[in-house]
Amino acid sequence: MTTEAKSALSDTNPPTPRTAPRAQGAWVKWLLISITILYLGLILFVPALNVFVEAFSGGVGPFFDNLKSPAFLNSVKLTVIIAAIAVPINTVFGLCAAWAIARNHFPGRTLLLSIIDLPFAISPVVAGLMFVLLFGRNGWFGPVLDTAGIRIIFALPGMVIVTAFVTMPFVAREVIPVLEEMGSEQEEAAKTLGATDWQTFWRVTLPNIRWGLLYGVILTNARAMGEFGAVSVVSGNIAGKTQTMPLFVEEAYKQYKTPEAYSAAVILALLAVVTLVLKEIVERKSRITDVQE
Amino acid sequence: MTATSPSPISPKADQSFWYRLTHLSLPWKVTWVYLSIMLVLPVAAMLLKAATVGPDKFWEIATDEIALSTYEVTFVTAFIASAINGVFGTLIAWVLVRYDFPGKRIVDAAVDLPFALPTAVAGLTLATVYSDNGWIGSLFVPLGIKISFTRLGVGMAMLFISLPFVVRTLQPVLQDLEKETEEAAWCLGASPLQTFLLVILPPLIPPVLTGVALGFARAVGEYGSVVIIAGNVPFQDLIAPVLVFQRLEQYDYAGATVVGTVLLLISLVLLVVINVLQTWGRRYDDRG
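Just so it is clear, the structure is predicted and the values come from calculations on it, not from any experiment.

### Looking at the overall build of chain B
Okay, so step 1: If you tally the helices and strands in chain B, you get 14 helices and 0 strands.
Okay, so step 2: Reading chain B from its N terminus to its C terminus gives the helix and strand order α-α-α-α-α-α-α-α-α-α-α-α-α-α.
Okay, so step 3: In summary, chain B has a C-alpha radius of gyration of 24 Å against a globular reference of 19 Å for 288 residues, an excess of more than 25%.
Okay, so step 4: Taking all 288 residues of chain B together, the buried fraction comes to 52%.
Okay, so step 5: A sequence separation of at least 24 residues applies to 72% of the contacts in chain B between residues at least 6 apart.

### Comments concerning the overall build of chain A
Okay, so step 1: Across its full length, chain A holds 14 helices and 0 strands.
Okay, so step 2: Compactness check: chain A gives a C-alpha radius of gyration of 24 Å against a globular reference of 19 Å for 293 residues, more than 25% above the reference.
Okay, so step 3: Taken along its principal axes, the extent of the C-alpha atoms in chain A is 80 × 65 × 30 Å.
Okay, so step 4: Put simply, chain A has 293 residues, and 50% of those count as buried.
Okay, so step 5: When the accessible surface of chain A is split by element, carbon and sulfur atoms take 66% of a total near 14,000 Å².
Okay, so step 6: For chain A, the distance from the average position of its 22 positive side-chain charges to the average position of its 21 negative side-chain charges is 4 Å.

### A few points about the packing of aromatic side chains
Okay, so step 1: The full count for this structure, using the stated rule, is 21 aromatic pairs over all chains.
Okay, so step 2: For the ring pair A:Phe106 and B:Trp28, a centre distance of 5.2 Å and an interplane angle of 70° mean the geometry is edge-to-face. With A:Phe106 in the loop between helix H4 (70-102) and helix H5 (109-121) and B:Trp28 in helix H2 (residues 26-53), this pair bridges two chains.
Okay, so step 3: Among the residues examined, A:Phe106 registers a relative accessible area of 22% and is labelled partly exposed.
Okay, so step 4: Each ring, one from B:Phe115 and one from B:Phe165, has its centre 5.2 Å from the other, and the planes form 80°; the classification is edge-to-face. Linking B:Phe115 in helix H6 (residues 113-116) with B:Phe165 in helix H9 (residues 151-176), this pair joins segments that are 50 residues apart in sequence.
Okay, so step 5: Judged by relative accessible area, which is 13%, B:Phe165 ranks as buried.
Okay, so step 6: Of the aromatic side chains, those joined through ring pairs into one cluster are A:Phe131, A:Phe135, A:Phe141 and A:Phe165.

### Examining helix H6 (residues 124-135) of chain A
Residues and elements named next belong to chain A.
Okay, so step 1: Relative to the 16 Å expected for 12 residues at 1.5 Å per residue, H6 spans 17 Å between its end C-alpha atoms, a close match to the ideal helical length.
Okay, so step 2: Most of H6 sits out of view: 12 of its 12 residues are buried.
Okay, so step 3: Turning to H6, its buried residues number three or more, namely Pro124, Val125, Val126, Ala127, Gly128, Leu129, Met130, Phe131, Val132, Leu133, Leu134 and Phe135.

### Side note on the interface of chain A and chain B
Okay, so step 1: Across the contact, 83 residues belong to chain A and 85 residues belong to chain B.
Okay, so step 2: Of the roughly 7,700 Å² buried between chain A and chain B, counting both surfaces, carbon and sulfur atoms make up 79%.
Okay, so step 3: Here chain A is connected to chain B by 2 salt bridges.
Okay, so step 4: A:Glu280 is the partner of B:Arg105 in a salt bridge, and the nearest nitrogen-oxygen pair spans 2.9 Å.
Okay, so step 5: For the pair chain A and chain B, the interface holds 14 residue pairs in polar contact (both at pLDDT 80 or more).
Okay, so step 6: When residues in the side of chain A that touches chain B are grouped by element, the largest group, 22 residues, is from helix H2 (residues 25-55) of chain A.

### A look at a nonpolar patch on the surface
Okay, so step 1: Together, A:Val273, A:Val274, A:Val277, A:Leu278 and A:Ile281 make up a nonpolar patch on the protein surface, roughly 380 Å² of accessible area in all.
Okay, so step 2: Looking at the secondary structure, you find A:Leu278 in helix H14 (residues 258-292).

### Description of H5(A)
Okay, so step 1: For H5(A), which comprises 13 residues, the first-to-last C-alpha distance of 19 Å matches the rise-based estimate of 18 Å (1.5 Å per residue) to within 8%.
Okay, so step 2: Of all the bends in H5(A), the largest measures some 30° and sits at A:Ile115, one to four residues before the proline A:Pro119.
Okay, so step 3: When H5(A) is considered as a whole, its buried residues turn out to be A:Arg109, A:Leu112, A:Ser114, A:Ile116, A:Asp117, A:Leu118, A:Pro119 and A:Ala121.
Okay, so step 4: In this fold, the buried residues of H5(A) make contact with H4, helix H8 (156-166) and helix H9 (169-182) of chain A together with H2 and helix H14 (253-282) of chain B.

### Let's talk about unusual backbone geometry
Okay, so step 1: Residue A:Phe154 is not a glycine yet carries a positive backbone phi of 65°.
Okay, so step 2: Within the element layout of this structure, A:Phe154 appears in the loop between helix H7 (142-148) and H8.

### Observations concerning the packing of helix H4 (residues 65-98) of chain B against helix H13 (residues 240-249) of chain B
All names here are of chain B.
Okay, so step 1: Interaxial distance between H4 and H13 falls to 8 Å at its minimum, and their mutual angle equals 140°. Mapping the contact onto sequence places Ile66, Ala67, Thr70, Tyr71 and Thr74 in H4 and Ala240, Pro241 and Leu243 in H13.
Okay, so step 2: In terms of residue class, the contact of H4 with H13 is built from 6 nonpolar, 2 polar and no charged.

### Description of the confidence of the model for chain A
Okay, so step 1: Overall, the predicted model of chain A reaches an average pLDDT of 87, with 90% of residues at or above 70.
Okay, so step 2: With pLDDT under 50 throughout, residues 1-21 of chain A is counted as low confidence; its partners more than four residues away or in other chains account for 11 contacts.

### Some details on the side chain of A:Glu187
Okay, so step 1: Tracing the chain through its elements places A:Glu187 in helix H10 (residues 185-192).
Okay, so step 2: Residue classification places A:Glu187 among the buried residues on the basis of a relative accessible area of 7%.

### Observations regarding the side chain of A:Asn50
Okay, so step 1: Within the element layout of this structure, A:Asn50 appears in helix H2.
Okay, so step 2: Beyond its immediate chain neighbours, meaning those up to four positions away, A:Asn50 contacts A:Tyr262, B:Thr125, B:Thr128, B:Val129 and B:Trp135.

### Some thoughts on the pattern of salt bridges
Okay, so step 1: In total, this model carries 19 salt bridges over all chains according to the counting rule given.
Okay, so step 2: A salt bridge links A:Glu227 to A:Arg223; its shortest N-O distance comes to 2.9 Å.
Okay, so step 3: Judged by its relative accessible area of 4%, A:Glu227 is buried.
Okay, so step 4: For A:Arg223, a relative accessible area of 17% gives the class buried.
Okay, so step 5: A salt bridge links B:Asp132 to B:Lys146, with the shortest nitrogen-to-oxygen separation between them at 2.5 Å. Remark: B:Lys146 occurs in the loop between helix H8 (137-140) and H9 and B:Asp132 occurs in the loop between helix H7 (119-129) and H8; sequence separation between them is 14 residues.
Okay, so step 6: Using a relative accessible area of 34% as the deciding quantity, one classes B:Asp132 as partly exposed.
Okay, so step 7: Residue B:Lys146 is classed as partly exposed on the basis of its relative accessible area, which comes to 48%.
Okay, so step 8: Each of the salt bridges in this network shares a partner with another, and the network as a whole consists of A:Lys279, A:Glu283, B:Asp108, B:Asp112 and B:Arg168.

Criteria and cut-off values
Residues numbered from 1 in each chain as written. Chains lettered and ligands numbered in written order. Predicted model: local features only at pLDDT ≥ 70, side-chain atom pairs only at ≥ 80, totals over all residues. Heavy atoms only, no water. Helix = DSSP H or I, 4+ residues; strand = E, 2+ residues; numbered from the N terminus. Rg over C-alpha atoms; globule rule 2.2 N^0.38 Å. Buried < 20%, exposed > 50% of the residue type's maximum accessible area, 1.4 Å probe, protein only. Contact = heavy atoms within 4.5 Å. Areas by Shrake-Rupley, 256 points an atom, 1.4 Å probe, with all protein chains shown as cover. Lys, Arg positive; Asp, Glu negative; His and termini not counted. Charge placed at Lys NZ, Arg CZ, Asp CG, Glu CD. Phe/Tyr/Trp six-rings, centres within 6.5 Å; stacked < 30°, edge-to-face > 60°. Expected span 1.5 Å × (residues − 1). Buried area = accessible area lost by both parts, 1.4 Å probe. Salt bridge = Lys/Arg side-chain N within 4 Å of Asp/Glu carboxyl O. Polar contact = N/O pair within 3.5 Å; in protein donor to acceptor, adjacent residues only side chain to side chain. Patch = residues over 30% accessible without salt bridge, like charges linked within 9 Å, V, L, I, M, F, W, Y side chains within 5 Å. Bend = angle between axes of the 7 residues up to and from the residue. Axes fitted to C-alpha atoms, helices over the stretch in contact; angles between N-to-C directions. Nonpolar A, V, L, I, M, F, W, Y, C, P; charged D, E, K, R; others polar. pLDDT = per-residue confidence, 0-100.

Structural data, given as C-alpha cells:
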C-alpha cells in the first residue's frame, strides 16, 4: 500500500513516530481524513465552487455585462463608501479599547470584554432594529432629526452606523492578546527616556502590534463589506440608492435574475478569498516575528 | 496628550473615584464614549421601547402562536446544527492537528470561509446547490427529501455558518496537548479507548462546549443565509430573526421589538454561558 509506505517514510525523521506502534493507525488516519473532506465538501467546497460555475455558466461575456449594470456599480460604490468610513472608526476604537483592557487591571475587566463582544452575540436583525428605534421616524431622536432635516434610517448614515456596530469587536479582540504578550516594559522604557505618549505609540507599540492590528482590520473590512441583515433592516433597499452588494445579490435572486445575482456573488466570494489569503499571510508573518524574537 | 493622567498601572488608593473619572486618558475616553453611543444607547432604546409595551401585552406578543413556532424552529434547528458541528468540528480539528496530508493547508484555511464569505452569497449558493435540481439537492429527490425552502435548508445554512467555531476553539487546545501524557497512559497499560476517554477527552470537553455554544449563538441570530434558503413560511421554516424583519416591514414596531428583546435576552444568557465555559476551560491551562 502506498499510503503505508508514505507514512513509514515520513516517520523516519520525527523523534516520536506516531503510527509506528499501532498498525491500525494508518487506516484510521485516512478514514478520518476522508470523513473530514467529505463533510467539508458537502458544506463548504461544493457550494463555494458552485458560485463560480453558476456565474460563468452563460459565458464570460454576459458575466461582465452584468457587472456593468448601473444598479450593480452603484452597490459597489456604496459598499466601498460604507467600509471606508466604518473600518477606520472601528480601528481607532479597537486600539483604544484594546489598550484600556490590556494595560489596566480593574474590577469589571472581564465584564468590559464581554460588553465589547456583545455585537457578535446580538442577531444582526436585532442590531438594525435597535437603531431604527433610536433614529427612525418613531424613534427617540426621530422628531429632532426630522425637524433638522437629517435622515439616518433608510439612508447612508444609518447603514454606516449599523455596519460599525456589527464589526465593533474585531480589532480589539485581535490586538488585546498581542498587547498582553508584548508586556508594558518597552513602553515604560520609552517613557522613561522622555518619549511622549504619541511617540511611544507610533514608535514602540504600533510596530509590535502591527500584524495583530492588520488581521483585525482585514476581518473588520470583510464583515463590513459583507454585512447583510443589519444593513438590510436600516437601508430600505432602494435600488441604486441604498443597496449594497449583498443586498443587490438578494434582490436580484428574489426577482429571478439569478445570473446577475451570481455575477455579484462572485465579486463578494473573491473578497472572501482575498481575506483568507491575507489572513494566511499575516499569520505566517506574525509567526516569523515570534521566532525572531 | 494627557501627561497628567494618573498612572493606570498603579492607581493610588487615595484618588477618589470622581477624580479618576474626570482624569481619564484619551483611549479610555474614546472607549467609553463610543461604547455608550454605539452599544448602551441602542440597547437601552430597545429595552425601554419593550417596557412601554407593558408586561401583559409583552407576554401576549412574545408567546403568540407564530412567535412560539419561530422560537421552536430557530432554537431546535440551531441546536441540532451546532451539535452536529460539535462532532464534526472535533473530528476536523483532530485531523488538522494530528495528521499530514496533501492539501491540508487549503483545508485549514477553508474552515474560515463561513467567517469571510458574506452570508447573502452563502445563502444564494446553498439554496442553489441543495435545490431539487441542484448538484447535491437532486441526489435527495429520489428519496423524497427536499432541502432548499424547507426546514432542512435552514439547518444547512446554520451548519455552514456555525462550522468554524468548534474547530477554531479546539485547535489550539489540541496543539498544546502533550503527546507524553498519552504515551504515559499507554505505558501504564491503558487501551487506546481508555487513553482517549480518560486522558485525551477531559481537557477537550470545555473547548468543544464553548465552540458549540458560540456556534449556537451565531446560528440563532443568523439572518442573511437563512432568509434566502428558507421558504419563510410561518409554522414551517420561519425563524425568529426573519419574523422581526417581517414585522418591521409591516411597521409593527411593538411586535418587532418584543420578539427582538426576547432574542437579545437569550443572546445575553448565551454570552454568560460562553464565559463560564471559557473559565472552566482555563482550569486545564495550569497543568500544561
